[in-house]
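Structure at a glance
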Amino acid sequence: MSEPLIEVTDLRYVYHSDTPQAVVALDGLSFSVEPGEYLGIVGGNGSGKSTLAKHLNALLLPASGTVRVGGLDTRDRAAIWEIRRRVGMIFQNPDNQLVATVVEEDVAFGPENLGLPPAMIRERVGEALAAVGMTEFRRRAPHLLSGGQKQRVAIAGILAMRPACLVLDEATTMLDPAGRAEVLETLAVLNRRDGVTIMLISHAMEDLADAGRIIAMDRGRIVLDGPAARVMARADEIPGGRLGAPQMAKLARWLREDGLRLPEGAHTVEALADAVAAAAGLGTQGDV
Amino acid sequence: MELTRYITVGQYLPRSSPLHNLDPRTKILATTALMVTLFLIPSFAGLGLLAAGLLALLALGQIPLGYALRGLRPIAVLLLLTVFLNTFFGGGDAGRTLFQAGPLVATEEGFRRALFVGLRFILLVTAATLLTFVTSPVELTDGLEWLLHPFRRVGVPAHELAMMMSIALRFIPTLLEETEKIMKAQMARGAEFGQGSILRRARAFVPVLVPLLISAFRRSEELALAMEARCYRGGEGRTRMKELRWRTADLVAGACVIAVSTVLVRLR
Ligand SMILES: Nc1ncnc2c1ncn2[C@@H]1O[C@H](COP(=O)(O)OP(=O)(O)O)[C@@H](O)[C@H]1O
Ligand SMILES: [Mg+2]
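Everything numeric here is computed off the predicted structure, so don't read it as measured data.

Some remarks on the domain arrangement of chain A
Per the domain assignment, the segments of chain A are domain 1 (35-59 + 81-239) and domain 2 (246-288). The C-alpha centroid of domain 2 of chain A is placed 31 Å from the C-alpha centroid of domain 1 of chain A.

And the structure:
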């Protein structure tokens with residue numbers, strides 16, 4: 001197996017340490033991320049998701065433990081810009097991460113910071129906008145776009161730095177359902193078509209339908225880490241609020257409790273319909 | 001009450017016109033030259049010609065006239081005050097009396113001056129907004145940074161100043177939208193704006209300004225984080241997608257501005 005893209009070992013972080021207001025935000029986390037994975041991270045408010053995200057590109061440094069990105073330690077000051085290039089971060093509020101008033105100028109901001117030659121920046125901006133399907137908006141003003149479109153521009157701004165991994169911290173939370181679907185679709189395509197590693201952080205399990213693996217967090221610890229279907233099926237065990245499993249996963253569990261023999265992992269409408277049909281002995285194309 | 005429609009100052013209108021395509025340094029220098037010229041023009045004829053010139057430039061830059069004029073609305077009060085003061089106090093004792101209102105005497109000379117100053121004011125604001133209509137904040141930043149570069153040796157933080165200006169321009173529409181939202185929310189709770197004495201009106205804005213400031217601070221924190229995450233580390237080692245490059249068009253534009261200014265300043 002290749003070297004993991006991200007390797008987190010015994011990560012601990014305390015806000016305001018050595019004061020009476022000390023908050024242990026991360027309490028001994030270990031996990032690794034392989035290239036090409038689509039990883040979901042779920043957890044209630046204050047469970048430490050954002051603190052973890054900020055450790056992945058050296059916006060925060062561990063109090064103890066290590067974070068390695070492609071073998072580089074985030075505490076190595078000389079490696080910090082390479083780490084930030086490799087792990088691109090997208091935040092919740094699209095308005096607060098767009099720096100320019102023209103879409104293509106915003107996408108160019110990252111490559112400009114990397115000191116690339118103008119011709120190469122132009123090429124990358126074009127590619128990145130095409131990858132998120134925003135090419136026709138390249139001369140528009142971002143503040144006139146919809147929330148989902150703004151967030152796609154923010155993603156393009158990161159892609160233009162050619163990162164190995166995208167970390168999205170609640171990047172869908174402020175969007176309406178259409179915008180949310182638009183962004184999730186973009187991520188799924190980037191992951192499947194271009195092999196971009198995705199780490200999608202959300203407090204809502206619904207957003208993680210495309211994830212292959214899910215890590216559930218609570219109070220700075222990992223409580224579940226495994227294949228998405230398995231974690232979703234056990235969603236009710238995750239403490240910390242309204243983490244309702246996706247409706248299909250919930251429905252599957254009810255049906256299972258009612259005695260229907262269904263396999264785990266059917267959490268889309270089609271998959272569950274097929275599974276129910278199979279369990280009822282109708283063949284896969286039955287009308288359910 | 002749609003603030004974003006009223007306040008057009010500093011807004012960039014992406015187009016691809018000859019004006020948009022000029023080097024930002026040319027546009028900054030030309031605008032500065034025109035503004036200085038405005039203060040040196042001695043006659044109405046000169047101001048009239050400059051106004052015609054600005055109208056032609058608006059057309060060349062594909063800026064709708066209505067949009068440009070809307071930019072003047074926020075300064076209407078200031079404009080009226082200027083005209084008023086000059087009409088009654090600007091003429092000295094000389095000149096024929098036009099009319100009298102109590103102790104205030106409007107002289108013909110004062111009225112002429114008022115019109116002159118008012119027109120100059122309008123042209124000044126139009127020239128400045130024209131610059132931002134046809135130059136994106138990023139281009140403005142790059143141009144300004146280049147122009148300020150020689151002053152770095154005496155401690156002027158050229159890159160930082162330019163970056164600050166460009167972010168300020170970027171956040172004007174965002175903060176206007178937010179102000180609107182907060183005002184609507186306060187109105188839903190019974191707040192009344194624009195009624196009662198000046199003191200009451202000012203007080204009504206406190207519940208708008210406080211949340212606006214808090215949110216602006218939060219935004220700036222998040223923006224700083226996002227910029228760092230995108231490898232921003234100051235001006236050192238940064239490159240540009242759009243390189244600054246003097247072209248023939250810039251030469252021609254510069255020559256035109258110099259020629260026009262020279263003529264207008266002498267026109268009686
Ligand atoms: N800047 C900060 N200062 C102090 N405490 C903080 C700060 N940011 C987060 N925390 C605390 O750290 C814990 C984890 O927060 P966070 O990582 O933001 O969680 P999440 O993103 O999952 O909601 C919470 O208890 C929160 O109150
Ligand atoms: Mg968070």
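Things to note about the sheet that holds strand β4 (residues 64-69) of chain A
Residue and element names in this part refer to chain A. If you walk across this open sheet you meet the four strands as β2-β1-β4-β5, and the pairing is antiparallel. Two strands bound the open sheet, and with one partner strand each, they are β2 (23-33) and β5 (72-73). Across eight bridges, strand β1 (residues 6-15) lies against β2 in antiparallel orientation. Across the sheet, the residue bridging to Glu7 is Ser32, located in β2. On the sheet, helix α1 (residues 49-56) packs against β1, β2 and β4 and is oriented at approximately 125° with respect to β1.

Here's the deal with the pattern of salt bridges
If charged atoms from side chains of opposite charge come close, those side chains can pair. What the rule picks out here adds up to 27 salt bridges over all chains. For Arg193(A), the salt bridge identified is with Asp194(A), shortest N-O distance 2.9 Å. For Asp194(A), a relative accessible area of 39% corresponds to the partly exposed category. Note that Glu145(B) and Arg240(B) form a salt bridge whose closest N and O atoms lie 3.8 Å from each other. Of this pair, Glu145(B) sits in helix α8 (residues 137-148) while Arg240(B) sits in the loop between α11 (206-229) and α12 (248-266), placing them 95 residues apart in sequence. The two residues Glu145(B) and Arg240(B) agree in class, both being buried. Each of the salt bridges in this network shares a partner with another, and the network as a whole consists of Glu104(A), Glu105(A), Arg138(A), Arg139(A) and Lys242(B).

Remarks on the sheet that holds strand β9 (residues 213-218) of chain A
Residue and element names in this part refer to chain A. The mixed open sheet is built from six strands, whose spatial order is β6-β7-β8-β3-β9-β10. Bordering the open sheet on either side are β6 (87-90) and β10 (221-227), each of which pairs with just one other strand. Within this sheet the neighbouring strands show an average axis-to-axis angle of 15°, counted without direction. Both strand β3 (residues 38-43) and strand β8 (residues 197-202) contribute to a ladder of five bridges, which runs parallel. For Ile41, the partnering residue across the bridge sits in β8 and is Ile201. On the sheet, helix α5 (residues 147-159) packs against β6 and β7 (165-169) and is oriented at approximately 165° with respect to β6.

A few points about the interface of chain B and chain A
Interfaces are frequently sized by the accessible area removed from exposure as the parts join. Chain B puts 33 residues into the contact, and the matching count from chain A is 40 residues. It is Arg170(B), Arg230(B) and Met241(B) in chain B that bury the most area against chain A; as a group they hold 27% of the surface buried on that side. Our enumeration of links across chain B and chain A arrives at five salt bridges. Where Lys242(B) meets Glu104(A), a salt bridge forms, and the shortest distance between an N and an O atom there is 4.0 Å. The interface formed by chain B and chain A contains 16 residue pairs in polar contact (both at pLDDT 80 or more). Put simply, the parts of the chain that give the side of chain B that touches chain A at least two residues each are α8, α9 (158-188) and α11 of chain B. For the side of chain B that touches chain A, the element with the highest residue contribution is α11(B), accounting for eight residues.

Digging into helix α6 (residues 76-89) of chain B
Residues and elements named next belong to chain B. Helix length check: α6, at 14 residues, gives a terminal C-alpha distance of 20 Å against a target of 20 Å (1.5 Å per residue), a fit within 8%. Among the residues of α6, Leu79, Asn86, Thr87 and Phe88 are the ones counted as buried. If you follow the buried residues of α6, they end up packed against β1 (97-101), β2 (104-107) and α7 (108-134).

Concerning the pairing of β2(B)
All names here are of chain B. With four bridges connecting them, β1 and β2 associate as antiparallel partners. By the bridge assignment, Gln100 is partnered in β2 with Val105. A loop of two residues connects β1 with β2, the two strands running antiparallel in sequence, and Gly102 in this loop sits at a positive phi of about 65°.

Some words on the confidence of the model for chain B
The pLDDT averaged across chain B works out to 87; a share of 94% of its residues lies at or above 70. Of the two predicted TM-score estimates for the complex, the pTM is 0.82 and the ipTM is 0.81.

A short note on the layout of surface pockets
One water molecule sets the probe size; rolling that probe over the atoms shows where empty space is left. In this structure, the largest pocket occupies an estimated 630 Å³ of space. Lining the largest pocket are 29 residues, and of these Leu19(B), Leu34(B), Leu57(B), Ala253(B) and Val257(B) sit closest to its centre. Per element, the largest residue contribution to the lining of the largest pocket is eight residues, and it comes from α12(B). Of the pockets and cavities examined, the second largest pocket occupies roughly 480 Å³. Every residue lining the second largest pocket is counted, 25 residues in all, and those nearest its centre are Arg122(A), Glu139(B), Lys242(B), Glu243(B) and Arg247(B). Those elements that place two or more of their residues in the lining of the second largest pocket are α3 (103-113) and α4 (118-131) of chain A together with α2 (18-21) and α8 of chain B. Of all the elements, α3(A) adds the most residues to the lining of the second largest pocket, at four residues. Among the residues forming the lining of the second largest pocket, the class breakdown is nine nonpolar, three polar and 13 charged.

Regarding the nonpolar core
In terms of nonpolar packing, the biggest core is built from 49 residues, with Val107(A), Ile155(A), Leu166(A), Leu168(A), Leu187(A), Met205(A) and Ile214(A) touching the most fellow members. Ranked by the residues each element gives to this core, the list is headed by α5(A), at six residues. Leave out the neighbours within four places in its chain, and Leu168(A) touches Ile90(A), Ile155(A), Leu187(A), Ile198(A), Met199(A), Leu200(A) and Ile201(A). One finds Ile41(A), Ala53(A), Val87(A) and Ala226(B) within the second-largest nonpolar core, a separate group that totals 31 residues.

Quick look at the packing of aromatic side chains
Inspection of the entire model under this criterion finds five aromatic pairs over all chains. Here the aromatic rings of Tyr13(A) and Tyr15(A) are separated by 5.0 Å at their centres, their planes lie at 85°, and the arrangement is edge-to-face. Judged by its relative accessible area of 14%, Tyr13(A) falls in the buried class. A relative accessible area of 28% means that Tyr15(A) is categorised as partly exposed. Seen from the ring of Trp246(B), Arg25(B) lies directly overhead, with NZ or CZ sitting 3.8 Å from the centre. Here the guanidinium or amino end of Arg170(B) rests over the ring plane of Phe171(B), the centre of that ring lying 4.2 Å away.

What counts and how
- Residues numbered from 1 in each chain as written.
- Chains lettered and ligands numbered in written order.
- Predicted model: local features only at pLDDT ≥ 70, side-chain atom pairs only at ≥ 80, totals over all residues.
- Heavy atoms only, no water.
- Domains from an automatic or database assignment.
- Pairing = 2+ DSSP bridges.
- Helix = DSSP H or I, 4+ residues; strand = E, 2+ residues; numbered from the N terminus.
- Contact = heavy atoms within 4.5 Å.
- Axes fitted to C-alpha atoms, helices over the stretch in contact; angles between N-to-C directions.
- Salt bridge = Lys/Arg side-chain N within 4 Å of Asp/Glu carboxyl O.
- Buried < 20%, exposed > 50% of the residue type's maximum accessible area, 1.4 Å probe, protein only.
- Buried area = accessible area lost by both parts, 1.4 Å probe.
- Polar contact = N/O pair within 3.5 Å; in protein donor to acceptor, adjacent residues only side chain to side chain.
- Expected span 1.5 Å × (residues − 1).
- pLDDT = per-residue confidence, 0-100.
- 1 Å grid on protein atoms, 1.4 Å probe; cavity = no way out; pocket = protein on both sides within 12 Å on 5 of 7 lines; lining within 4 Å.
- Points joined across faces, edges and corners; volume = space filled by probe spheres on them.
- Nonpolar A, V, L, I, M, F, W, Y, C, P; charged D, E, K, R; others polar.
- Core = buried A, V, L, I, M, F, W, Y, C linked by side-chain atoms within 4.5 Å.
- Phe/Tyr/Trp six-rings, centres within 6.5 Å; stacked < 30°, edge-to-face > 60°.
- Lys NZ or Arg CZ within 6 Å of the ring centre and 35° of its normal.

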